[in-house]
Amino acid sequence: MPAKSEPLDLTAVRVPRHVAIIMDGNGRWARKRNLPRVAGHRAGAENLRRIINACVEFGIKILTIYAFSTENWERPESEVRGLMKIFTRVLDQELSELHAQGVCLHHLGDLNGIEPELQQKVLDALELTKSNDRLTLNVAFNYGGRAEILHAVREMLGDGISPDELTEELFSSYLFTSGLPDPDLVIRTSGELRISNFLIWQAAYAEYYATPCYWPDFDREELYEALVAYSQRERRFGALPEDGD
Ligand code: FPP
């Protein structure tokens, strides 16, 4: 891995258009330091800032992050409250800088069930940043892949879509990621090898990269390493390589 001071050679990597990240390991990062779990989430939020900057620097156009899953409500109430406080603070403190940086925010998931004040902050942030085009940041928040698919099916039935009209493209257009290309690379930190209900339709052909690094420590150099690994993959989308017989 290059030393932190070394400039990174971006000509040596293929930069994916769309990177999706399962930001895992905040709790273990905190436990290792005898800190409460929420301190790990705070460190995770600070790291997100660094990774957004790195994505802009590397020329990644779309970043999707798994911030809060439909299953995360099962965590202790104090942790859920701590997470909601962090999301609120990030919106309060980082939004103008994200906007100035040209970040366009998208929300994936269901805002119902979120405290109304936070809901409104999210809606305001989407409105403020909707014309930005340097980096699209999709925040999966109260998101689950299966719930997203059911939501899409319900909407299609409501629109009276008939079975012969149904195509993969049409189905994709009913997902929260409508209009966006599928992720090229899915990264999961902290060594877990599960997809955990994240972009289960969209990531069908994504390359998968897992690193033992906990999310708060996953820095610009770690992201670069993921791009190096991605560059070495041969993407086949189920077909044979060009020179296959
Ligand atoms: C998984 O770590 C992480 C989460 C459930 C929350 C992710 C949230 C952040 C990184 C905070 C910042 C996000 C935004 C959008 C401001 P874990 O708690 O499951 O870790 P563990 O597996 O080690 O317990």
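Counting restarts for each chain, with residues numbered from 1 along the sequence as it is written. Only residues with pLDDT of at least 70 get local features here, since the model is predicted, and only at 80 or more are side-chain atom pairs given and counted; chain-wide, interface and lining totals rely on the full set of residues. Water and hydrogen atoms were dropped before computing side-chain values, which therefore reflect all heavy atoms in the structure.

K.L.:
Hey, could you run me through the pairing of strand S4 (residues 135-143) in this one?
P.N.:
Each regular strand carries side chains that alternate between the two faces of the sheet. Throughout, exposure labels follow a simple rule: accessible area from a 1.4 Å probe, protein chains only, divided by the maximum for the residue type, with under 20% read as buried, over 50% as exposed, and the rest as partly exposed. Under the DSSP-based scheme used, a helix requires at least four consecutive residues in state H or I and a strand at least two consecutive residues in state E, with every element numbered from the N terminus. The buried count for S4 comes to 9 of 9 residues, which makes it a mostly enclosed element. Paired strands are those between which DSSP finds at least two bridges. Note that strand S3 (residues 103-108) and S4 share 6 bridges and pair parallel. From the neighbouring strand, Leu 108 faces S4, where its bridge partner is Ala 140. Handedness of a crossover is defined as follows: orient the strands so they point away from the viewer, and if the path from the first strand over the helix to the second runs clockwise, the crossover is right-handed. For the crossover that starts at S3, traverses helix H4 (residues 116-129) and ends in the parallel S4, the hand is left-handed.

K.L.:
Is there a simple way to explain unusual backbone geometry in this structure?
P.N.:
What is expected of a backbone is that most residues other than glycine have negative phi and most peptide bonds are trans. One non-glycine residue with positive phi stands out, namely Ser 196, at about 50°. Mapping Ser 196 onto the fold places it in the loop between strand S5 (185-188) and strand S6 (207-210). Under the relative-accessibility criterion, Ser 196 is labelled partly exposed at 29%. Positive phi outside glycine occurs at Asn 197, with the angle close to 65°. Within the element layout of this structure, Asn 197 appears in the loop between S5 and S6. Judged by its relative accessible area of 17%, Asn 197 is buried.

K.L.:
I would appreciate a short explanation of the environment of Asp 184 in the present structure.
P.N.:
Along the chain, Asp 184 turns up in the loop between helix H6 (168-173) and S5. In this structure, the C-alpha to C-alpha distance between Asp 184 and Gln 101, residues 83 residues apart in sequence, is 23 Å. Polar side-chain contacts of Asp 184 include one of 3.0 Å to the backbone nitrogen of Arg 17. Any pair of N or O atoms that falls within 3.5 Å is considered a polar contact. Within protein, one atom must be able to donate a hydrogen and the other to accept it, and sequence-neighbouring residues count only if both atoms are side-chain atoms.

K.L.:
How do you make sense of the packing of aromatic side chains when you look at a structure like this?
P.N.:
In this description, an aromatic ring pair is defined by two values, namely the gap between the centres and the angle between the planes. Under the pairing criterion, centres of Phe, Tyr and Trp rings, with the six-membered ring standing for Trp, must be within 6.5 Å; the plane angle then separates stacked pairs below 30 degrees from edge-to-face pairs above 60, leaving the rest tilted. Tallying each qualifying case throughout the model produces 11 aromatic pairs. Here the aromatic rings of Phe 68 and Phe 87 are separated by 6.4 Å at their centres, their planes lie at 85°, and the arrangement is edge-to-face. Of this pair, Phe 68 sits in strand S2 (residues 62-69) while Phe 87 sits in helix H3 (residues 77-100), placing them 19 residues apart in sequence. Between the aromatic rings of Phe 171 and Trp 201, the centroid separation amounts to 4.3 Å while the plane-to-plane angle is 45°, which identifies the pairing as tilted. Pair noted here: Phe 171 is in helix H6 and Trp 201 is in the loop between S5 and S6, with a separation of 30 residues, a long-range link. The class for Trp 201 is partly exposed, based on a relative accessible area of 28%. Feature note: the residues Tyr 66, Tyr 143, Phe 176 and Phe 198 constitute an aromatic cluster, connected by ring pairs. For the cation-ring pair, Arg 14 lies above Tyr 230, with the distance from its terminal atom to the ring centre recorded as 4.8 Å. Only when the NZ atom of a Lys or the CZ atom of an Arg is both within 6 Å of the ring centre and within 35 degrees of the ring normal do we say a charge sits over the ring.

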